[in-house]
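Structure assessment
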Amino acid sequence: PSGAHVPALVIGTGYGGAVAALRLAQAGVDVHMIEMGMAWDTPGSDGKIFCNTREPDYRSYWLRTRTKAPLNYFLGFPIDRDIPRHTGILDAEEFGGITVYQGRGVGGGSLVNGGMAVTPRRENFGAVLPSVNPDEMYNVYYPRANAELGVGVIDPAWFDSTACYQYARVGRKHAQRSGFPFVFVPDVYDWDYMKQEAAGAVPKSALAGEILYGNNHGKKSLQQTYLARARATGRVAVSPLHKVTSVAPASGGRYTVVIEQLSTTGAVTATKTVTADRVFFAAGSVGTSKLLVKLKATGALPGLNGEVGRGWGDNGNVMCGRANHMWDPTGALQSSIPCCGIDNWAAGGAFAEVAPLPTGIETYASFYLSITNNPNRAQFSWNAAAGRVDLNWQAAWKQPSITMAKTIFDKINSKEGTIYRTDLFGVYKIWGDHLTYHPLGGAVLNKATDNYGRLTAYPGLYVIDGALIPGNTSVNPFVTITALAERNIEKIIATDL
Ligand code: FDA
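On a predicted model such as this, the values are computed, not experimentally measured, just so you know.

A tally of helices and strands in the protein yields 11 helices and 20 strands. Here the C-alpha radius of gyration of the protein, 22 Å, is about what a compact globule of 497 residues would show, namely 23 Å. The dimensions of the protein, computed from C-alpha atoms along their principal axes, are 70 × 50 × 45 Å. Expressed as a percentage of its 497 residues, the buried residues of the protein come to 60%. Intrachain contacts of the protein at a sequence separation of at least 6 include 72% that bridge at least 24 residues. For the protein, the accessible surface area stands at approximately 17,800 Å², while carbon and sulfur atoms represent 53% of it.

What follows is about the site of the ligand. In the neighbourhood of the ligand, 37 residues make up the surrounding shell, with Glu35, Gly109, Met116, Gly466 and Phe478 lying closest. Gly115 is positioned such that a nitrogen or oxygen atom in its backbone is 3.3 Å from an oxygen atom of the ligand. For the ligand, an oxygen atom lies 2.8 Å from a polar atom in the backbone of Phe478. Its free accessible area being 1,000 Å², the ligand has 96% of it covered by the protein chains. At the level of secondary structure, the elements contributing two or more residues to the shell around the ligand comprise α1 (15-26), β6 (99-103), β9 (242-249), α8 (284-297) and α11 (478-496). Tallied by class, residues from the shell around the ligand come to 16 nonpolar, 17 polar and 4 charged.

Attention now moves to helix α10 (residues 399-416). For α10, built from 18 residues, the straight-helix expectation of 26 Å at 1.5 Å per residue is met to within 8% by its first-to-last C-alpha distance of 25 Å. Along α10, the largest kink reaches about 40° and is centred on Lys406. Residues of α10 that are buried include every one of Ser401, Ile402, Met404, Ala405, Ile408, Phe409, Ile412, Asn413 and Glu416, and no others. One or two steps after α10, the chain reaches Gly417, where phi turns positive at roughly 70°.

As summarised here, the arrangement of the 3 strands in space is β5-β6-β19, forming an open sheet in which the pairing is mixed. Of all the strands in the sheet, the pair left with one neighbour each is β5 (90-94) and β19 (435-436). Both β5 and β6 contribute to a ladder of 5 bridges, which runs antiparallel. Considered in β6, the bridge of Ala92 is made with Tyr101.

For the rest of this paragraph, the subject is the pattern of salt bridges. Proximity of charged atoms lets side chains of opposite charge pair with each other. A full pass over the atoms with the stated rule returns 30 salt bridges. One salt bridge connects Arg81 with Glu55, and the closest N-O pair in it is separated by 3.6 Å. A residue pair is termed long-range when its members are at least 10 positions apart, and Arg81 in the loop between β4 (77-78) and β5 and Glu55 in the loop between β2 (31-34) and β3 (73-74) qualify at 26 residues. Two residues, Arg388 and Asp390, come together in a salt bridge whose shortest N-O distance is 2.6 Å.

Moving on: the sheet that holds strand β18 (residues 419-420). Across a sheet, strands are paired by hydrogen bonds formed along the backbone, either parallel or antiparallel in direction. Taking strand neighbours across the sheet as the criterion, the 6 strands line up as β7-β13-β14-β15-β12-β18 in an open arrangement whose pairing is antiparallel. With partners counted over all chains shown, the strands left at the sheet margins are β7 (182-184) and β18, one partner each. Bridge count for strand β13 (residues 340-344) against strand β14 (residues 350-355) is 4 bridges, and the pairing is antiparallel. Paired with Ile342 across the bridge in β14 is Ala352. Sitting on the sheet, helix α5 (residues 166-177) touches β7, β12 (318-323), β13, β14 and β15 (365-372), and the angle it makes with β14 is about 145°. α10 rests against β12, β13, β14, β15 and β18 of the sheet, and its axis sits at about 10° to β12.

With that settled, the discussion passes to the side chain of Arg23. By the element assignment, Arg23 lies in helix α1. Looking at Arg23, its side chain comes within polar contact range of the side chain of Glu486, at 2.8 Å. In contact with Arg23, other than residues within four places in its own chain, are Arg144, Glu148, Tyr226, Arg229, Glu486, Ile489 and Ile493.

With that settled, the discussion passes to the packing of aromatic side chains. Going through the model one piece at a time under the given rule, you end up with 22 aromatic pairs. With centroids separated by 4.9 Å and ring planes inclined at 85°, the aromatic side chains of Phe159 and Phe184 adopt a geometry described as edge-to-face. Taken together, the residues span a long stretch of sequence, with Phe159 in helix α4 (residues 156-161) and Phe184 in strand β7 at a distance of 25 residues. We classify Phe159 as buried; its relative accessible area is 0%. Its relative accessible area of 28% is what places Phe184 among the partly exposed residues. Their ring planes at 75° and their centres at 5.3 Å tell us that Trp393 and Trp397 sit as a pair that is edge-to-face. Above the ring of Phe180, the side-chain terminus of Lys411 is found at 5.1 Å from the ring centroid.

What counts and how
Sequence positions are assigned chain by chain, starting from 1 and proceeding in written order. Only residues with pLDDT of 70 or above have their local features reported here, since the model is predicted, and side-chain atom pairs are shown and tallied only from 80 upward, although totals for entire chains, interfaces and linings are computed over all residues. Side-chain figures throughout are based on the complete set of non-hydrogen atoms in the structure, without hydrogens or water. Secondary structure elements are defined from DSSP: runs of H or I of at least 4 residues count as helices, runs of E of at least 2 residues count as strands, and each element is numbered from the N terminus. The globule rule is 2.2 Å times the number of residues to the power 0.38, and the radius of gyration it is compared with is taken over C-alpha atoms. Accessibility here uses a 1.4 Å probe with only protein chains present; expressed as a share of the type maximum, an area under 20% marks a residue as buried, one over 50% as exposed, and anything in between as partly exposed. In what follows, residue pairs with any heavy atoms lying within 4.5 Å of each other are defined as contacts. Residue burial considers only the protein chains on display, and all accessible areas are found by Shrake-Rupley using a 1.4 Å probe. Whether a residue is near a molecule or strand depends on its heavy atoms: it is near if one of them lies within 4 Å of it. Whenever two N or O atoms come within 3.5 Å, that pair is a polar contact, provided that in protein one can donate a hydrogen and the other can accept it, and provided that, for residues adjacent in sequence, both atoms are side-chain atoms. When residues are sorted by character, Ala, Val, Leu, Ile, Met, Phe, Trp, Tyr, Cys and Pro go into the nonpolar class, Asp, Glu, Lys and Arg into the charged class, and all the rest, Gly among them, into the polar class. What a helix should span is 1.5 Å times the count of its residues minus one. Note that bend, as reported per residue, equals the angle between axes fitted to the 7 residues terminating at that residue and the 7 residues originating from it. DSSP-based pairing: two strands are paired if at least 2 bridges between them are found. Each reported salt bridge corresponds to a side-chain nitrogen of Lys or Arg within 4 Å of a carboxyl oxygen of Asp or Glu. All axes here are fitted lines through C-alpha atoms, helices being fitted over the stretch that makes contact, and every angle between N-to-C directions spans 0 to 180 degrees. In this analysis, rings of Phe, Tyr and Trp, with Trp reduced to its six-membered ring, are considered paired at centre separations within 6.5 Å, and the interplanar angle assigns stacked below 30 degrees, edge-to-face beyond 60, and tilted for intermediate values. Over a ring means this: the NZ of a Lys or the CZ of an Arg is within 6 Å of the ring centre and within 35 degrees of the ring normal.

Dropping the structure here:
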């Protein structure tokens, strides 16, 4: 309620926020989590909490009247459709040069993502987080994060035999025939559950094309892991459909936090003011960066340093499809959970996931999401005239990613005698270079904050999410976000409380 005081307030319920809430609560601190998205704990009229990728409805997008599917064309036809405006689960947030996809709801990105839970190769870690000791990460915090998240790898024997990974076996064959290292990618999806889906023994999720708009079964989102354990402490409260708009110093070393309550059509139904001893910014790379840049520029937190808003990257995301020969079908049934990748990071700066096209029909297409070593970094800035935060990423800044991805797919195409698909992202458009799933940076560790996420000008304010990571993790980011949050909160609890 308005006027209340909380010892620790956490903005956002994604990976960073969930780690902070659990560890603070275990240390005896009462925590209140503020989440702008919905709770996602109540079924709709169809009995399901989440809608299917093939039938997007009011639940699919955050306050849009038309879907904005990442793969927006098929066979040259646009596939987006009208939907009612609603506080749906996937935000396709549009900046000038890039669309940034993010999860909205209790669980943040874990609600919508593919669950690929990848620890960077140790030799790449120095470039990922240069100020962090790799020994402590690889000995303590990565193992801790993987254990809490419930990370597992597909049974290789089942992989070799199941129809739903025909597409991935084609991906493996093509990678290996061109001499690229093929790797299994761990995931938080329950692999035993998926086997039972294939056997027809349980309700289907990965094998029914669920992904992007939530999985009704199988996926261990934060709701099942960190957040469940946090709630079980009895010290963590969560307020969904509440959005933090301001944090400013109050008397007694406290902070005043202004929060808007939202209706499911996005209207502000109440504005509340609370105080907190400590505030953890865990609104995601974009959410945290936008808040900090606005609060610095508008005078609420003028002492934030000049690194705030800088160092934002897209994790080098770029997508593409290849057209296979008729003797290389990828299968009508495709598990929506990717399980393998092609590692050409050292030689070509690209790590490509063999991704599904779960359309339910044979497409003869191989589809890939590549993470590349794109060096471009963007900056958030306050646009006073428009009253919003802008991001200066340029569409052309994806070119290095395309060049790096081509080190894999040009070679495979040449070996296989195949071509790129030109019908997935528009008419005669090969590269999905307009988007990212992996926003990182904007309040970079040891630059905007100290080496543990403290905003040192304001004792008691912390950043603890993907905003800390300087733009690239060389693999999918959430294990690194989680492990870094584990490292930082341990230090903060030991020294600041
Ligand atoms: P995260 O974005 O998870 O959480 C932030 C939360 O804060 C959100 O719930 C948001 O609604 C809330 N919030 C924002 N502003 C707020 C405000 N002002 N007030 C209150 N609440 C606010 N990664 C990976 O490792 N493997 C994968 O397979 C995938 N796949 C994937 C697919 C898709 C479609 C997407 C969109 C993303 C992925 N990712 C992924 C990326 C991964 O999900 C992402 O890196 C993490 O969720 C980021 O974690 P954070 O804790 O930084 O923020």
